Amino acid sequence: MAIGRPLSRVEARDKVTGAARYTADTRLPGMVYAALMSSAVSAGRVRAIDTARAEAAPGVLAVITHLNRPQWHSTPAALRYVETRFPLADEHIHHHGQYLAVVVAGTREQAAHAAGLVAVDYETRPAVPTLDAALPDAHQPVWRFEPEFPTLLALGDPEARLAAADVRLDLEYRTPYNSHAPMEPNATLAHWDGGSLTVHETSQQVHLDRPVIAGALGLPPDRVRVVSTLVGGAFGNKTAVWAHTLLAAVAARQVGRPVQLVVTRKQVFTCHGHQPPIIQRLRVGANRDGTLQAITHHTVNGTPVLFDRPEAAISPTGTVYALRSVGVRVEVAGMHMPAPATMRTPGDGPGMFAVGSALDEMAYALELDPIELRRRNHLAVHPLLGRPWSGKQLLECYDVGAERFGWERRAPRPRMMRDGADWVGFGMSSAQRLEHHAAARAAVEIRDDGSAEVRTAAPEIGTGNLTTLTQIAADGTGIAPSQVDIRSGDTTLPESAPTSGSRTTGSTGTAVHLAALRARQAAARLAVADPRSPLHGLPAERVGAARGRLYDVDVPRRGETYRDLLRRNGRRSIVEQGFHDPAGADPRFAYATFGAHFTEVRIDDTLRRVRVTRHVGVFAVGRVLNPKTARNQAQGGIIYALGGALMEDLATDPVTGRFIAPALTDYHVPVNADVGDIDVSFVEEPDYNAHPLGAKGLGEVVAVGVHASIANAVYHAIGIRVRDLPITPDKLLRP
Amino acid sequence: MLAGGLSLGAGLAAPPVRAEASGAKPEILTLVVNGDRVRLEVDVRASLLDTLRDRLRLTGTKKGCDQGACGACTVLLDGRRVLSCLTLAVMHEGSEVTTVEGLAEGDRLHPVQRAFVDHDGFQCGFCTSGQIMSAVGLLAERPRVTAAEIPELMSGNLCRCAAYSNIRDAIEAAAHLSREGE
Amino acid sequence: MDTFEYKRPGTVREALRLIATHPDAEIIAGGTDLVTLLRDRVRTPARLVDINGLPLDGLRWSRDGVRIGALCRNAVDDPRLAAAYPVLVRALRSGASPQIRNRATFGGNLLQGVRCPYFRLPEFACGRREPGTGCAAIEGDGRLLGIFGTSAACIAVHPSDCAVALLALDATVVVEGARGTRRIPVGDLHRLPGDTPHVEHALRDGELVVAVEVPASPFAARSTYVKFRERASYAFALASAAVAVHSERGVVRDARVCLGGVAPKPWRAHTAESALRGRRLDAAAIEAAAEAATAGAAPRPDNAYKVELVRGVVRRALTELLVK
Ligand SMILES: Cc1cc2nc3c(=O)[nH]c(=O)nc-3n(C[C@H](O)[C@H](O)[C@H](O)COP(=O)(O)OP(=O)(O)OC[C@H]3O[C@@H](n4cnc5c(N)ncnc54)[C@H](O)[C@@H]3O)c2cc1C
Ligand code: SF4
Ligand code: FES
Ligand code: FES
């Protein structure tokens with residue numbers, strides 16, 4: 001079995017030798033460079049734009065602005081483009097950093113230089129710079145497309161339940177702008193061949209990008225090929241077609257040469273997505289016996305002035321703990337901000353920060369251990385669907401985590417644990433992430449040299465899917481993983497699920513699994529029908545496969561290799577397709593992944609920076625396909641959220657709303673020295689109700705609840721409850 | 001091998017820069033990159049990073065920020081780890097540059113590279129060239145580096161996938177290996 | 001980046017001539033700051049004078065102390081320096097990252113640009129970058145900015161760690177220009193902004209830093225540096241303290257308490273030094289000095305926490321000296 005083994009990544013060698021090729025590493029003959037010029041104001045209008053100096057600058061081939069851009073086709077709404085307006089649509093400016101021109105030149109230096117020579121005469125209007133300033137505009141969102149979650153809901157009678165509860169809390173939590181900040185900046189290499197376009201793109205979802213690009217350019221989708229094999233981290237900011245892609249494509253058409261456009265780090269921070277600021281008001285009522293009675297969750301998030309984009313922070317509220325009644329209200333408020341983008345743990349990240357913190361506050365109010373409070377409100381059934389959860393080993397996660405962490409050493413009250421100059425605090429939270437599905441296709445080919453190839457479009461963004469999909473195909477075909485190749489990240493391949501929302505394992509993995517099984521079965525049918533095969537005449541179900549060989553499961557010695565079978569039959573290969581139907585999971589159950597986080601923080605009494613010295617995470621994600629990559633991803637998810645909890649804040653200028661930290665120097669993400677001991681384990685029980693492989697998503701649940709676990713530990717250490725992230729030193733220096 | 005001192009390994013001939021179009025007088029520069037001597041004309045504004053990537057086609061070295069803030073562009077310059085985005089190519093006449101492409105000997109990976117594979121010291125891999133070059137630089141600075149010192153001395157290399165624990169383990173293992181090799 | 005003429009002189013004289021003969025000449029040393037300033041168009045020199053060919057590196061020891069060449073890198077790893085001036089080596093080690101320290105020079109570190117976010121983003125008004133344009137930070141986000149020595153025109157802080165340590169060591173900057181050699185005490189190198197924030201330092205046009213001289217002082221050996229930042233490493237100081245104490249028979253004869261990350265220049269907390277003088281260095285004296293170090297602080301609401309931080313770094317640094 002390859003599944004379950006800690007195999008090294010199949011692309012590991014390429015990644016350590018520099019041979020791994022990312023979008024910006026791809027070159028084509030005659031390639032030239034584009035650079036984008038961004039608006040210096042947050043709101044207003046381009047009164048005049050002077051491109052003469054840029055056009056005259058050395059090496060410049062084209063300067064495109066709203067005045068001379070080619071016609072866009074279709075509409076942003078029809079194409080579900082990320083914004084309601086195509087790039088360079090007109091002279092109006094709706095957010096800082098908005099692209100106002102694209103410059104193409106012979107070298108990178110020339111393009112960057114000329115972009116700086118584009119002179120704009122702005123008519124500046126006052127901007128709505130902050131969420132607080134936008135609050136008077138707070139309103140129920142108008143969904144651009146179909147609603148993704150309820151924005152107004154009352155189950156039971158939350159007001160009455162709250163009023164009747166023994167203990168009531170009314171709390172406000174805030175999260176700031178956060179950036180995905182993947183290490184790889186967004187990039188495009190656009191290349192036309194006659195009327196066909198190839199776009200090498202930093203994308204998590206080539207097939208979803210294709211119709212958008214094709215539509216905007218007025219091409220049939222089959223004239224556009226999108227390639228994205230290796231992605232240098234994404235976390236959601238590569239789940240949309242952004243302006244740079246369309247602009248690179250039109251620039252390449254205009255200059256008649258391949259155009260590479262790599263956006264600057266400042267532009268990544270500005271125009272390629274972020275998680276907007278969110279204010280959450282939670283009211284929680286519980287009785288003295290620790291039973292939660294009611295919760296109301298009212299959220300307001302910043303949204304671009306042009307369209308409403310609600311954040312799903314209410315996502316955990318109604319489904320995580322047993323409650324008699326629930327009320328949610330989701331609002332948005334317009335600000336002059338660039339378009340947000342789904343960010344790792346969308347909704348659940350900020351939502352569980354609030355819910356997990358509020359539970360902790362309630363535990364103190366009731367003088368209950370936080371785990372005990374969670375146990376008393378454990379849910380075996382999805383409360384809104386009325387179906388039992390499948391594979392919910394949350395109680396085991398609490399047990400295992402508490403044991404590994406040493407939770408029993410926790411003092412019952414804050415400010416009771418001290419080690420020299422350090423305050424020590426313990427905190428915990430649970431984690432939950434609903435399991436998402438998408439349709440996925442894959443092909444598996446068994447070749448006459450005994451090897452196999454997997455083909456599915458899913459780009460590798462670091463989650464290890466090249467490796468786990470290889471393992472799945474290896475086990476499905478009975479061919480050693482070292483003999484299995486994989487091709488991915490290209491619209492010429494079968495359409496996978498997008499590599500986002502923790503869907504790869506469940507959806508794309510299932511498609512590969514089915515394709516591999518079918519390829520094996522096709523081979524088995526060939527063998528049993530072939531009089532020259534030692535397997536001739538057996539029922540096909542009695543044919544097993546292992547180590548590149550088909551055999552009789554009752555008499556394992558009897559059999560032959562794929563190689564012999566195919567060559568003898570003059571077959572170069574056997575190719576079969578697999579399709580994952582998102583409706584395929586057993587409808588009697590509800591699906592999610594679960595986990596528990598335990599954090600130890602230390603805070604020097606004088607210099608109050610929070611250090612996470614130990615963190616224990618225990619997760620129930622069904623079957624673990626590769627413990628090596630899974631552990632790595634879980635640790636990474638925990639640290640990702642640790643950054644959000646302790647330092648990440650895409651700070652804005654309070655007057656103009658512009659980002660003042662669009663640099664990795666200022667937008668702090670954790671460095672190596674920030675990371676303490678992170679212990680990851682799994683309560684592993686395959687969930688075959690969810691998928692035939694028994695494996696579920698991993699990349700997100702590991703990061704859900706970490707913010708709360710840390711904030712709870714901080715409170716336990718020094719008795720200061722921080723409800724607005726990040727928990728920076730200034731918030732702990734209150735005397 | 002070198003063809004008239006102008007090419008860099010197989011298929012890595014430096015493409016000509018269009019001098020007349022660059023706007024500034026290009027400078028002639030000689031570098032020794034991964035052991036090969038290359039001569040090329042460079043725009044004075046070109047960073048060492050862009051020169052390696054765009055001109056010498058050594059795209060293993062990555063640009064994560066161009067701000068000196070991520071470490072993805074780390075290379076060895078005359079044996080010391082530096083950020084290639086923060087320095088201009090023209091300033092390094094005659095210098096020796098080692099990039100991630102120059103570490104392995106044929107098929108044999110450098111001990112740091114092998115340790116990164118074994119310990120799964122990456123996810124997306126975008127920071128990895130920089131991490132590895134930084135680790136090689138670190139081991140040259142301090143062959144006896146201890147496990148406790150590694151986090152601070154590797155903090156100039158961000159990993160947003162946050163494979164930090166594995167990166168530490170990999171470097172510790174490589175340090176062991178190279179000490180045993182002494 | 002705009003283009004420029006690139007020059008690499010081999011002698012100090014030639015370098016001085018190249019700077020003097022061009023109004024828009026700029027010196028580049030390690031380049032770790034200047035390259036980003038060029039890329040962001042904060043600086044747009046027409047001539048770049050690369051001084052890496054000058055014989056200005058290395059340490060020269062004498063009875064009077066050590067002379068550190070302007071091109072000596074911040075990664076300098078010299079056991080003698082670490083023993084003689086612990087505060088300096090600790091400050092250097094706390095700065096930037098190993099890769100940056102391998103290139104960054106002493107001269108460049110002292111003269112690096114401020115890290116005020118508004119200064120680095122040309123779309124904002126900044127009188128330090130462009131004289132007379134005002135200051136967007138005043139109405140803006142000042143969480144990282146100064147609480148001492150600021151003015152109505154500029155509230156930026158100087159980012160160097162090394163400079164704070166050098167101030168505590170009474171170091172002198174040696175500069176050369178057309179009119180010869182001058183010595184500027186480190187404390188006088190950077191100018192307070194007043195109403196001319198663009199006048200950043202005391203160097204005259206055409207002058208070059210050639211060395212830093214650190215005297216052999218009675219303070220030096222008992223000194224340390226404490227830097228507090230938002231994450232564990234690779235970040236500028238929110239506040240830092242370089243302290244040095246000279247005691248005789250258990251009584252503090254003299255002391256240096258210098259602060260970083262809180263003022264437009266490395267900030268000497270004279271009041272704190274007085275609070276220590278003539279006392280035993282004990283918990284009470286440390287408390288008094290920590291309190292005194294905040295004298296004259298003029299915080300804004302958004303950076304008032306820095307006052308508490310100043311107490312914290314001074315307390316912590318002096319406490320470290322207790323055990324020394
Ligand atoms: C991500 C990042 C983090 C950092 N963190 C820190 C930190 O924590 N602490 C800290 O102290 N610093 C930090 N720095 C700043 C770094 O230390 C400086 O960039 C470096 O010290 C500058 O030295 P350099 O030789 O590279 O200067 P350059 O970039 O070459 O020059 C800087 C300036 O000094 C002038 N100059 C240089 N040498 C001379 C000379 N001899 N005479 C006259 N003028 C001269 C130049 O003209 C230029 O204006 C950080 C930098 C980065 C990019
Ligand atoms: S505080 Fe100083 S550096 Fe910052 S914007 Fe104002 S003038 Fe410029
Ligand atoms: S690209 Fe050089 S440090 Fe980020
Ligand atoms: S592996 Fe993705 S950034 Fe390090």
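Quick caveat: nothing in here was measured; it's all calculated off a predicted structure.

Chemist: Got a sec to walk through the side chain of T299 of chain A? Specific residues and values, please.
Modeler: When you line up the elements, T299 of chain A lands in strand β14 (residues 292–304). Contact partners of T299 of chain A, with chain neighbours within four places excluded, come to I278, I279, Q280, E311, A313, I314, R329, V330 and E331 of chain A.

Chemist: Tell me about the sheet that holds strand β9 (residues 187–193) of chain A, and name the residues and values.
Modeler: Residue and element names in this part refer to chain A. Spatially, the seven strands line up as an open sheet ordered β3-β5-β1-β12-β9-β10-β11, and their pairing is mixed. Strands at the two margins of the open sheet, each flanked by one partner only, are β3 (60–65) and β11 (224–227). When the angles between neighbouring strand axes are averaged without regard to direction, this sheet yields 20°. Pairing of strand β1 (residues 32–38) with strand β12 (residues 259–262) involves three bridges; the strand directions are parallel. Bridge pairing in β12 links Y33 to Q260. Along the sheet, helix α4 (residues 108–115) contacts β1, β3, β5 (99–105) and β12; its crossing angle with β1, the most-contacted strand, is approximately 25°. Against the sheet, helix α8 (residues 243–255) touches β1, β3, β5, β9, β10 (196–201) and β12, its axis set at about 35° to β9.

Chemist: Can you break down the nonpolar core residue by residue, with the values?
Modeler: Residue and element names in this part refer to chain A. One finds I710 and I727 to be the most contacted residues of the largest nonpolar core, which totals 201 residues. In terms of residues, this core owes the most to one element, helix α14 (residues 504–529), which gives 11 residues. Excluding residues that lie within four positions of it along the chain, I727 makes contacts with V610, A645, L646, I710, A711, V714, V722 and L732. Ranked by size, the runner-up nonpolar core spans 48 residues in total, among them W72, A190, V241 and L247.

Chemist: Go over the UniProt feature "domain: Aldehyde oxidase/xanthine dehydrogenase a/b hammerhead" (unreviewed entry) in chain A, please, and point to the residues and values.
Modeler: Feature annotation in UniProt assigns "domain: Aldehyde oxidase/xanthine dehydrogenase a/b hammerhead" (unreviewed entry) to the following positions: residues 17–126 of chain A. Structurally, residues 17–126 of chain A comprises 16% helix and 32% strand, and the distance from its first C-alpha atom to its last is 51 Å.

Chemist: A description of the interface of chain A and chain B should follow, citing residues and the corresponding values.
Modeler: At the junction of the two partners, chain A supplies 60 residues and chain B supplies 54 residues. Across the chain A/chain B interface, buried area totals approximately 4,600 Å², and carbon plus sulfur atoms make up 52% of it. At the boundary of chain A with chain B, the tally comes to seven salt bridges. For R108 of chain A, the salt bridge is made with D50 of chain B, and the minimal N-O distance between the two is 3.7 Å. At the junction of chain A with chain B, the criterion picks out 25 residue pairs in polar contact (both at pLDDT 80 or more). Breaking the side of chain A that touches chain B down by element, the ones donating at least two residues are α1 (12–17), α4, α9 (265–271) and α16 (627–646) of chain A. At nine residues, α16 of chain A tops the list of elements feeding residues into the side of chain A that touches chain B.

Chemist: Outline the pairing of strand β13 (residues 278–286) of chain A, listing residues and values.
Modeler: All names here are of chain A. Of all nine residues that make up β13, seven are buried, and the element is covered over most of its length. The pairing of strand β8 (residues 167–175) with β13 spans nine bridges and is antiparallel. Its bridge partner lying in β13, V167 is registered against A286. For β13 and β14, the ladder comprises nine bridges, and the chain directions are antiparallel.

Chemist: Account for the domain arrangement of chain A, naming residues and giving values.
Modeler: Residue and element names in this part refer to chain A. Along its sequence, chain A is carved into domain 1 (14–126 + 183–233 + 238–271), domain 2 (278–436 + 587–732) and domain 3 (438–580). Placing the centre of domain 1 and that of domain 2 at their C-alpha centroids yields a distance of 36 Å. Facing 18 residues of domain 1, the contacting portion of domain 2 comprises 19 residues. When the buried area of domain 1 at its contact with domain 2 is split by residue, H94, H96 and F269 rank highest and sum to 38% of it. Inspection of the region where domain 1 meets domain 2 yields zero salt bridges. Where domain 1 meets domain 2, there are two residue pairs in polar contact (both at pLDDT 80 or more).

Chemist: Residue-level account of the sheet that holds strand β23 (residues 543–546) of chain A, with values.
Modeler: All names here are of chain A. As summarised here, the arrangement of the three strands in space is β23-β24-β25, forming an open sheet in which the pairing is antiparallel. What marks the edges here is a single partner per strand, and that holds for β23 and β25 (559–561). In this sheet, neighbouring strand axes are inclined to one another by 20° on average, regardless of whether the strands run parallel or antiparallel.

Chemist: Can you lay out the site of ligand 1 for me, pointing to particular residues and giving the numbers?
Modeler: Surveying the vicinity of ligand 1 reveals 36 residues, the closest of which are I27, G31, T32, T105 and D161 of chain C. Nearby residues around ligand 1 are contributed by chains A, B and C. Here an oxygen atom of ligand 1 and a backbone polar atom of A29 of chain C are 2.8 Å apart. With respect to ligand 1, the side chain of N109 of chain C contributes an N or O atom lying 3.2 Å from an oxygen atom. Here ligand 1, which alone exposes 970 Å², has 97% of that area covered by the protein.

Chemist: Quick one: what's the story with helix α1 (residues 12–20) of chain C, residue by residue and with numbers?
Modeler: All names here are of chain C. Taken together, the buried positions of α1 are V12, A15, L16, L18 and I19. In a view along the axis of α1, the buried residues occupy a sector of 160°, so they form one face of it. Residues of α1 that are exposed and point more than 90 degrees away from the buried face comprise R13 and A20.

Chemist: Run through the pattern of salt bridges, naming residues and quoting values.
Modeler: Enumeration according to the criterion identifies 91 salt bridges over all chains in this entry. Taking the shortest distance from any N to any O, the salt bridge between D25 of chain A and R53 of chain B comes out at 2.8 Å. A residue pair is termed interchain when its members come from two chains, as with D25 of chain A in the loop between α1 and β1 and R53 of chain B in helix α2 (residues 48–55). When sorted by exposure, D25 of chain A lands in the same class as R53 of chain B, which is buried. Of the charged contacts in the structure, one is a salt bridge between E207 of chain C and R204 of chain C, with a shortest N-O distance of 3.9 Å.

Chemist: Summarise the packing of helix α3 (residues 111–118) of chain B against helix α6 (residues 164–180) of chain B; cite the residues concerned and give the values.
Modeler: Residue and element names in this part refer to chain B. Two elements in contact, α3 and α6, have axes whose closest approach is 8 Å; the angle formed by their N-to-C orientations is 140°. For the element pair α3 / α6, the angle class is oblique. The element α3 and its partner α6 pack so that their crossing is right-handed. Contacts between α3 and α6 involve P111, V112, R114, A115 and F116 from the first element and I167, A170, I171, A174 and L177 from the second. Here the contact of α3 with α6 is composed, by residue class, of nine nonpolar, no polar and one charged.

Rules and cut-offs
- Residues numbered from 1 in each chain as written.
- Chains lettered and ligands numbered in written order.
- Predicted model: local features only at pLDDT ≥ 70, side-chain atom pairs only at ≥ 80, totals over all residues.
- Heavy atoms only, no water.
- Helix = DSSP H or I, 4+ residues; strand = E, 2+ residues; numbered from the N terminus.
- Contact = heavy atoms within 4.5 Å.
- Pairing = 2+ DSSP bridges.
- Axes fitted to C-alpha atoms, helices over the stretch in contact; angles between N-to-C directions.
- Core = buried A, V, L, I, M, F, W, Y, C linked by side-chain atoms within 4.5 Å.
- Buried < 20%, exposed > 50% of the residue type's maximum accessible area, 1.4 Å probe, protein only.
- UniProt positions renumbered as here; feature names shortened; annotations may be inferred.
- Buried area = accessible area lost by both parts, 1.4 Å probe.
- Salt bridge = Lys/Arg side-chain N within 4 Å of Asp/Glu carboxyl O.
- Polar contact = N/O pair within 3.5 Å; in protein donor to acceptor, adjacent residues only side chain to side chain.
- Domains from an automatic or database assignment.
- Near = heavy atom within 4 Å.
- Areas by Shrake-Rupley, 256 points an atom, 1.4 Å probe, with all protein chains shown as cover.
- Arc of directions from axis to C-beta.
- Parallel < 35°, antiparallel > 145°, perpendicular 65-115°, else oblique.
- Left-handed = near helix turned anticlockwise from the far one by under 90°.
- Nonpolar A, V, L, I, M, F, W, Y, C, P; charged D, E, K, R; others polar.

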